[in-house]
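Chain residues, written in single-letter form:
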Amino acid sequence: MATQTLLQHGKLGMGTWKLGDSSATRTEEIAALRYGIERGIAIIDTAEMYGSGRSENLVGEAVAPYPREHLYIISKVLPQNANRRYLEQSLDASLKALQTDYLDMYLYHWRGGTPLAETIDTFEKMAEKGKIKAWGVSNFDLEDMQELLAEANGSHCRANQVLYHLGSRGIEVALKPWQDQRHIPTIAYCPLAQAGALQRGLTNHPAVQQIAAELNISVYQVLLCFTLSQSNMVSIPRTGKPAHMKEIADCLAISLSAEQFGALNQAFPVPDGRVPLDVE
Ligand SMILES: NC(=O)c1ccc[n+]([C@@H]2O[C@H](COP(=O)([O-])OP(=O)(O)OC[C@H]3O[C@@H](n4cnc5c(N)ncnc54)[C@H](OP(=O)(O)O)[C@@H]3O)[C@@H](O)[C@H]2O)c1
């Protein structure tokens, strides 16, 4: 079904939640996304939910000057639309806002009441029509993934997008290893812990601050370098500012040493056992 896989487009993408919400910052946000594309970031993540289409609309304007085949565009369908009655309408609206005739990946934003078999079947029909190249899910915990893969064509799932950052490593206990064994990539959302806002004590932790000083980078870059160092994972930080996008793109050329990685592991260990999937 998919011609080129997600991971073939790199380990770094651009999140777009809240972008397009304010006309005052629109020009700067478009400049930030275009700067990212110019730096070779092909993956862009949006959703019908974000600003009720305003994010998709902004992404459509931002990517318009670039060859479509150089980009990897992800959007998401809301649970109430992830069924045979409404999914195609949602998808068509997303395609229109994005000014494109296909999505590289379409995600089920979070699990709702529709039987998984119906959502899978409808995704598959959209793929047959050429409107999507691949589909995946978001906010699915291990049991959801096991149920999904037990359904006919469930194994066509090409990613699970979940919350993951240095201060929230619960997926490393069971979900991520399970996906890794099955070559299902994890898309890490909130890799910057929303600039630290999701967890007090993350960006001002001495281990994070010391590594930032050693590498002469920002604490946010330390957070991103941590998620970028994970295998079978794509990170999708969001910024509406070109200067921040420069810091984000620069992370692709920065590696944490084994000692630095060890210090982060010690400061923010993987939980001892399973914890509920963190969501935002
Ligand atoms: N599937 C889901 O349910 C789900 C849920 C949440 C998010 N997502 C996706 O994941 C993406 C990322 O998550 P997120 O947007 O919640 O949070 P995030 O990427 O962890 O953090 C975004 C925040 O970091 C700031 N920031 C970015 N680069 C920075 C830098 N270099 N220095 C300082 N601050 C910086 C941004 O502000 P500035 O704009 O000022 O730079 C923004 O406030 C979303 O945009 C969305 O596409 C998916």
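Predicted model, so just to flag it, every value in this text is computed and none were measured. Within each chain, residues carry numbers counting from 1 in the order of the written sequence. pLDDT decides what is reported in this predicted model: residues at 70 or higher carry local features, side-chain atom pairs at 80 or more are listed and counted, and totals for whole chains, interfaces and linings draw on all residues regardless. With hydrogens and water stripped out, all remaining heavy atoms of the structure feed into the side-chain values.

Colleague: Any chance you could break down the site of the ligand for me, citing the residues and the numbers?
Modeller: Near, as used in this document, describes a residue that has one of its heavy atoms within 4 Å of the molecule or strand being considered. As a matter of local geometry, the ligand sits amid 27 residues, with Asp45, Arg238, Thr239, Lys241 and His244 nearest to it. Whenever a nitrogen or oxygen atom comes within 3.5 Å of another N or O atom, the pair is scored as a polar contact, on the condition that within protein one atom can donate a hydrogen and the other can accept it, and that pairs from neighbouring residues in sequence are kept only if both atoms are in side chains. At a separation of 3.0 Å, an oxygen atom of the ligand approaches a polar backbone atom of Trp17. Residue Leu192 places a main-chain N or O atom 2.9 Å away from an oxygen atom belonging to the ligand. Residue burial considers only the protein chains on display, and all accessible areas are found by Shrake-Rupley using a 1.4 Å probe. In isolation the ligand offers 910 Å² of accessible surface; the protein chains occlude 91% of this area. A pocket here means an open set of points on a 1 Å grid, computed over the protein atoms alone, that has protein on both sides within 12 Å along at least five of seven lines. A cavity is instead a set of points where a 1.4 Å probe fits but cannot get out; residues with an atom within 4 Å of a point line either one. Think of it this way: a molecule belongs to a cavity or pocket when more than half its atoms come within 2 Å of the grid points there. With respect to the pocket detection grid, the ligand is positioned in the largest pocket. Top contributing element to the shell around the ligand by residue count: helix 9 (residues 242–250), with 3 residues. Classification used: nonpolar for Ala, Val, Leu, Ile, Met, Phe, Trp, Tyr, Cys and Pro, charged for Asp, Glu, Lys and Arg, polar for all others including Gly. For the shell around the ligand, the class distribution of residues is 12 nonpolar, 10 polar and 5 charged. Elements are defined by DSSP. Helices are runs of H or I of four residues or more, strands are runs of E of two residues or more, and each kind is numbered from the N terminus.

Colleague: Explain unusual backbone geometry to me, and be specific about the residues and the numbers.
Modeller: The phi dihedral of Ser52 falls on the positive side, at around 50°, and the residue is not glycine. Tracing the backbone through its elements, the reader meets Ser52 in the loop between strand 2 (43–45) and helix 2 (54–63). The phi angle at Asn139 is positive, at roughly 60°, despite the residue not being glycine. Secondary-structure assignment places Asn139 in the loop between strand 5 (135–138) and helix 5 (142–150). Residue Asn139 is classed as buried on the basis of its relative accessible area of 16%. Only protein chains enter the accessibility calculation, which uses a 1.4 Å probe; a residue is then buried when its area is under 20% of its type maximum, exposed when over 50%, and partly exposed in between.

Colleague: So what about the layout of surface pockets? Which residues, and what values?
Modeller: Grid points are joined across faces, edges and corners, and a volume is the space filled by probe spheres set on the points. A volume near 820 Å³ is recorded for the largest pocket. If you trace the largest pocket, you find 37 residues lining it, with Trp17, Gln194, Pro237, Arg238 and Thr239 closest to the centre. Secondary-structure elements contributing two or more residues to the lining of the largest pocket are helix 1 (26–38), helix 8 (219–228) and helix 9. Its residues assigned to classes, the lining of the largest pocket shows 17 nonpolar, 12 polar and 8 charged. Roughly 190 Å³ of internal volume is contained in the second largest pocket. Lining the second largest pocket are 16 residues, with Cys157, Arg158, His183, Ile184 and Pro185 sitting closest to its centre. For the lining of the second largest pocket, the residue count by class is 10 nonpolar, 4 polar and 2 charged.

Colleague: Please give an account of the environment of Ala97 that cites residues and values.
Modeller: Inspection of the secondary structure assignment puts Ala97 in helix 3 (residues 87–98). Considering only alpha carbons, one finds Ala97 and Glu61, 36 residues apart in sequence, at a separation of 8.7 Å. Residue contacts follow a heavy-atom distance rule, with two residues in contact if any of their heavy atoms lie within 4.5 Å. Not counting the four nearest positions on each side in its chain, Ala97 is found in contact with Gly53, Glu56, Asn57 and Gly60.

Colleague: Quick rundown of the sheet that holds strand 4 (residues 105–108)? Include the residues and the values.
Modeller: Only strands that DSSP links by at least two bridges are regarded as paired with each other. Spatially, 8 strands are ordered 1-2-3-4-5-6-7-8 in an open sheet, and the strand pairing comes out parallel. Edge positions in the open sheet fall to strand 1 (13–15) and strand 8 (233–235), since each of these has one partner strand only. Pairs of neighbouring strands in the sheet enclose a mean axial angle of 25°, with direction left out of account. Note that strand 6 (residues 157–163) and strand 7 (residues 186–189) share 4 bridges and pair parallel. What sits directly across from Gln161, in strand 7, is Ile187. Orientation is described by lines fitted to C-alpha atoms, with helices fitted over the stretch in contact, and by angles between N-to-C directions that extend from 0 to 180 degrees.

Colleague: Explain the UniProt feature "domain: NADP-dependent oxidoreductase" (unreviewed entry) in the protein chain to me, and be specific about the residues and the numbers.
Modeller: UniProt positions are given in the numbering used here, feature names are shortened, and annotations may be inferred rather than shown by experiment. In the numbering used here, UniProt assigns the feature "domain: NADP-dependent oxidoreductase" (unreviewed entry) to residues 11–266. Here residues 11–266 runs as 40% helix and 13% strand, with 24 Å between its end C-alpha atoms.

Colleague: Please set out the environment of Val162 residue by residue, giving values where relevant.
Modeller: Relative to the elements of secondary structure, Val162 occurs in strand 6. For Val162, a relative accessible area of 1% corresponds to the buried category. Linking Val162 and Lys76, residues 86 residues apart in sequence, is a C-alpha distance of 13 Å. For Val162, the contacting residues outside a window of four places in its chain are Asn139, Phe140, Ile171, Leu175, Thr186, Ile187, Ala188, Tyr189 and Leu277.

Colleague: Lay out the pattern of salt bridges in plain terms, naming residues and giving numbers.
Modeller: We define a salt bridge as a side-chain nitrogen of Lys or Arg found within 4 Å of a carboxyl oxygen belonging to Asp or Glu. A full pass over the atoms with the stated rule returns 17 salt bridges. Among the salt bridges present, the one from Glu61 reaches Arg26, with a minimum N-O distance of 2.8 Å. Of this pair, Glu61 sits in helix 2 while Arg26 sits in helix 1, and the two are 35 residues apart along the sequence. One salt bridge connects Lys176 with Asp180, and the closest N-O pair in it is separated by 2.9 Å.

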